[in-house]
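Residues per chain, in single letters:
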Amino acid sequence: MTYLPNAFKALWHELPVLAAAGVLVCAASGLVVLVSPGLSPISLLLGAVFVGPTWAAVTATTDSIVRDSGGGVLLLLRNAKRQALAGLEVACVPAVVTALALLNWQVYSGPLFAVPLAVSCCAGVLLLLASCYAFSLRVTAGLRGKTLWIAALQLVARAPLVPLGVLALAFVALLLGTSVTASLLLLAPGPVALFASAGTWTEKHALHR
C-alpha cells in the first residue's frame with residue numbers, strides 16, 4: 001500500500017492548511033534566526049525548542065491527510081497545542097547529538113578528538129535521518145523513548161531514500177528560497193511534511209505486511 005497518491009492529491013485539495021503550515025514553521029524558524037543567527041550548538045538547540053513543536057503539529061496534520069482522515073487549518077491549530085511536548089521530545093534528541101558533534105568539530109585539535117568527533121557526527125546523521133520517520137511515529141503511532149528511535153532507525157535501514165529525499169527536498173526549497181524568492185520558504189514546509197508522512201506510512205505498512 002502506498003500513500004503517495006494521497007499526498008499528491010492533497011497538494012491542491014489541502015492548499016490552505018499547507019500554506020498555514022508554512023507560515024507556522026517559517027515563523028518558528030525566524031525566531032531561531034533572530035535569537036541566534038548562523039549554525040551553532042545554540043541555534044540547533046533553539047531550533048528544537050521552537051521548530052520541533054511546530055513541526056510535530058504539521059506532521060500530525062499531514063499524517064491525518066495522507067491516511068484519509070481529513071485535514072484543515074482548525075486541525076493544524078488544535079495539533080499545535082496537543083503535540084507541542086511530543087515535538088520537543090523528538091526534536092531534542094537529534095538536536096543535542098548534532099550540537100555535540102558541532103561542538104566537537106569546533107574544539108577539534110588533534111587525533112585525541114577524532115573518535116568523539118566521528119562518533120557524534122555519525123550519530124547525528126543517523127538521528128537526523130531517523131527523525132524524518134520519528135515525528136510521525138511519535139505524534140500518530142504514539143511510540144516513545146527507546147521504542148520510538150529503534151522503530152525509526154529500522155525504517156531508515158529499510159528505506160533510507162525516503163528521509164534522504166525529504167531532506168533533499170527541504171534543502172532545495174531552502175536554496176531556492178534564499179537565492180530566488182523568499183516566498184518559496186513559505187510554500188515548502190507543508191509539501192515536505194506531506195511527503196514525509198506519505199513515505200513514513202508507506203514504509204511502515206510495508207514493514208509489517
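Thresholds, definitions, all that
Residues numbered from 1 in each chain as written. Predicted model: local features only at pLDDT ≥ 70, side-chain atom pairs only at ≥ 80, totals over all residues. Heavy atoms only, no water. Helix = DSSP H or I, 4+ residues; strand = E, 2+ residues; numbered from the N terminus. Rg over C-alpha atoms; globule rule 2.2 N^0.38 Å. Buried < 20%, exposed > 50% of the residue type's maximum accessible area, 1.4 Å probe, protein only. Contact = heavy atoms within 4.5 Å. Areas by Shrake-Rupley, 256 points an atom, 1.4 Å probe, with all protein chains shown as cover. Lys, Arg positive; Asp, Glu negative; His and termini not counted. Charge placed at Lys NZ, Arg CZ, Asp CG, Glu CD. 1 Å grid on protein atoms, 1.4 Å probe; cavity = no way out; pocket = protein on both sides within 12 Å on 5 of 7 lines; lining within 4 Å. Points joined across faces, edges and corners; volume = space filled by probe spheres on them. Nonpolar A, V, L, I, M, F, W, Y, C, P; charged D, E, K, R; others polar.

> Can you break down the overall build of the chain residue by residue, with the values?
Looking only at helices and strands, one finds 10 helices and 0 strands in the chain. In the chain, the order of α-helices and β-strands from amino to carboxyl end is α-α-α-α-α-α-α-α-α-α. Scaling as 2.2 N^0.38, a compact globule of 209 residues should have a C-alpha radius of gyration of about 17 Å, and the chain matches this with 17 Å. With the C-alpha coordinates aligned to their principal axes, the bounding extent of the chain is approximately 55 × 40 × 30 Å. Across the 209 residues that make up the chain, the buried fraction comes to 45%. Sequence separation of at least 24 residues holds for 72% of the intrachain contacts in the chain that already meet a minimum separation of 6. Element-wise, carbon and sulfur atoms account for 74% of the exposed surface of the chain, whose accessible area totals about 10800 Å². Positive and negative charge centroids in the chain, built from 11 and 5 side chains respectively, lie 6 Å apart.

> So what's going on with the layout of surface pockets? Residues and values would help.
Of the volumes computed, that of the largest pocket is approximately 1800 Å³. Sorting the residues of the lining of the largest pocket by element identifies helix H2 (15-35), helix H3 (41-66), helix H5 (84-107), helix H6 (114-139), helix H8 (161-179) and helix H10 (189-207) as the ones contributing at least two each. Its residues placed into classes, the lining of the largest pocket shows 34 nonpolar, 11 polar and no charged.

> Just give me the short version of the environment of Gly145, but keep the residues and values in it.
In this fold, Gly145 is placed in helix H7 (residues 145-158). When the C-alpha atoms of Gly145 and Val93 are compared, they prove to be 10.0 Å apart, with 52 residues separating the residues in sequence.

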